[in-house]
Amino acid sequence: MSAHIETSREGQSLSPALEARDIRKSLPLGGESLDILKGISFQIGRGEFTAIIGPSGSGKSTLLGIIAGLDEPTSGKVFLDGTDITFLSESRMARIRNQKLGMVFQAYNLIPTLTAQENVEAPLYVGVHPGSPSARAKELLALVGLQHRLDHRPNQLSGGEQQRVAIARALAAAPAIVIADEPTGNLDQSNGQNILDLIRRLRDETGTTFVIATHDPTVAAAAERALHIVDGLLASDTAAAMAPPPPALMAEGSVR
Ligand SMILES: Nc1ncnc2c1ncn2[C@@H]1O[C@H](COP(=O)(O)OP(=O)(O)OP(=O)(O)O)[C@@H](O)[C@H]1O
Ligand SMILES: [Mg+2]
């Protein structure tokens, strides 16, 4: 029997948006090895909104860095859209990231010398993207409630405003997958809700896949699936609405 790859009507392959296979990460520390991730596997389908939850220090950011191709696992594999990205060259990885991935970092990582608008435009000057970068940046900054802060540089923005610029930047190139680390950590309830509404709308309208590490119970409850990371292991994988996480898991980091 000849091998064949199952395809959808549009001819796209039906591989998961993202697959992690037995991801382990250890770092040398003082002559010993610190095991941060101890074998984590999951698949995330297209258009899924998945929350990654768990106590502070459990390995969420480490895992996100690996599935976004920013960091290499000690062992295991990561597939993005069916492509093994685990040990790609930095230039190939950069191209894939620009085409397919939007990333919101826990520490925002905005470029300090650029204004809010220029930060959001920046990914649109890499590769080919339709439309005008400045119009797209203004549109996204308005969606996150920052139409009045276009010309402010990061040091002229509040923490929550910087966070919203980082979200707008991650969405600028209309990526298939958005990986976000605590995207609402510095937002008040109404701005947090606004971001959730934006996520839901993008998901419904464009089928964008969202993977979001969060201590925010509202975000975790809005996701349709929660991967609970505890001490470097996947403690459970649940449909969030059906089985809310144990309060202890959410509470531990909720002061952040
Ligand atoms: N470069 C490093 N060297 C040594 N230890 C590290 C390094 N990076 C991370 N760690 C450790 O790995 C563990 C997991 O860190 P990680 O940032 O992934 O946690 P997290 O779940 O994202 O936590 P938080 O909820 O506080 O953001 C922590 O105990 C951290 O101290
Ligand atoms: Mg983290």
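Predicted model only: the values in this text are computed from it and were never measured.

Draft legend 1. Summary view of the sheet that holds strand S8 (residues 209-213). The strand order across the open sheet formed by 6 strands is S6-S7-S8-S3-S9-S10, and the pairing between neighbours is mixed. In this open sheet, the two strands that pair with only one neighbour each are strand S6 (101-104) and strand S10 (233-238). On average, each strand axis in the sheet is tilted by 15° relative to the strand beside it, whichever way the strands run. Pairing between strand S3 (residues 49-53) and strand S9 (residues 225-230): 4 bridges, direction parallel. Across the sheet, Ile53 pairs through a bridge with His228, a residue of S9.

Draft legend 2. Main features of the sheet that holds strand S2 (residues 32-44). If you trace the 4 strands from one edge of the open sheet to the other, you get S2-S1-S4-S5, paired in antiparallel fashion. Each having just a single partner strand, S2 and strand S5 (83-84) make up the two edges of the open sheet. Taken together, the 2 bridges between strand S4 (residues 75-80) and S5 define a ladder with antiparallel strand orientation. Residue Phe79 lies in a different strand from S5, and its bridge partner there is Asp84. In this fold helix H1 (residues 60-67) packs onto strand S1 (18-29), S2 and S4, with an angle of close to 120° to the strand it touches most, S1.

Draft legend 3. Geometry of the environment of Pro183. Locating Pro183 in the fold gives a position in the loop between strand S7 (177-181) and helix H6 (189-206). A tally of 28 C-beta atoms within 10 Å means that Pro183 is categorised as buried.

Draft legend 4. Inspection of the environment of Asn155 at higher detail. Secondary-structure assignment places Asn155 in the loop between helix H4 (133-143) and helix H5 (159-171). Under the C-beta neighbour-count criterion, Asn155 is labelled exposed, with 9 such atoms within 10 Å. For the pair formed by Asn155 and Thr115, sequence separation is 40 residues and the distance between their alpha carbons is 9.6 Å.

Draft legend 5. Region of the structure containing the site of ligand 1. Near ligand 1 you find 14 residues, and of these Ser56, Gly57, Lys60, Ser61 and Thr62 are the closest. Listing elements by their share of the shell around ligand 1, those giving two or more residues are S1, S2 and H1. With 3 residues, the top contributor of residues to the shell around ligand 1 is H1. Among the residues forming the shell around ligand 1, the class breakdown is 4 nonpolar, 9 polar and 1 charged.

Draft legend 6. Focus on the nonpolar core. Counting residues in each nonpolar core, the largest one holds 63 residues, and the members touching the most others are Ile52, Leu63, Ile67, Ala168, Ile179 and Ile212. When residues of this core are assigned to their parent elements, the largest contribution, 6 residues, is made by H5. Residue contacts for Ile179: discarding those within four places in its chain leaves Leu64, Ile67, Ala68, Leu101, Met103 and Val211.

Draft legend 7. Expanded view of the pairing of S6. Side chains of S6 alternate between two faces, with Leu101 and Met103 and Gly102 and Val104 buried alike. Judged from the 4 bridges that link them, S6 and S7 form a sheet pairing that is parallel. Paired with Met103 across the strands is Ile179, a residue of S7.

Draft legend 8. Quick look at the environment of Ala168. You can see Ala168 is positioned in helix H5. It is 6.9 Å that separates the C-alpha atoms of Ala168 and Val144, two residues lying 24 residues apart in sequence. Among residues more than four places away in sequence, those in contact with Ala168 are Val120, Leu140, Leu141 and Val144.

Draft legend 9. Structural view of H1. Inspection of H1 places Lys60, Leu63, Leu64, Ile66 and Ile67 among the buried residues, and these make up the whole buried set. Angular distribution of buried residues about the axis of H1 spans 160°; they occupy a single face of the element. Of the residues trailing H1, Gly69 is marked for its positive phi of about 75°.

Draft legend 10. Layout of H4. Among the residues of H4, those classed as buried are Arg136, Ala137, Leu140 and Leu141. Viewed along the axis of H4, the buried residues span an arc of 130°, placing them on a single side of the element. Looking at the packing, one finds that the buried side of H4 touches helix H3 (116-121) and H5. Remark: Gly145 follows H4 within two positions and exhibits a positive phi of approximately 80°.

Draft legend 11. Examining the pairing of S1 more closely. Two elements, S1 and S2, share 10 bridges in a ladder whose sense is antiparallel. Across the sheet, residue Leu18 finds its bridge partner in S2, namely Ile44. Counted along the chain from S1 to the antiparallel partner S2, the turn is 2 residues long, and its residue Gly30 has a positive phi close to 55°. Relative to S4, S1 runs antiparallel, the two being bridged by 5 bridges. Looking at S4, one finds that Arg21 is bridged to Lys77.

How each quantity is defined
Residues numbered from 1 in each chain as written. Chains lettered and ligands numbered in written order. Predicted model: local features only at pLDDT ≥ 70, side-chain atom pairs only at ≥ 80, totals over all residues. Pairing = 2+ DSSP bridges. Helix = DSSP H or I, 4+ residues; strand = E, 2+ residues; numbered from the N terminus. Axes fitted to C-alpha atoms, helices over the stretch in contact; angles between N-to-C directions. Contact = placed C-beta atoms within 7 Å. Buried ≥ 20, exposed ≤ 12 C-beta atoms within 10 Å, placed from the backbone. Near = placed C-beta within 6 Å. Nonpolar A, V, L, I, M, F, W, Y, C, P; charged D, E, K, R; others polar. Core = buried A, V, L, I, M, F, W, Y, C linked by C-beta atoms within 7 Å. Arc of directions from axis to C-beta.

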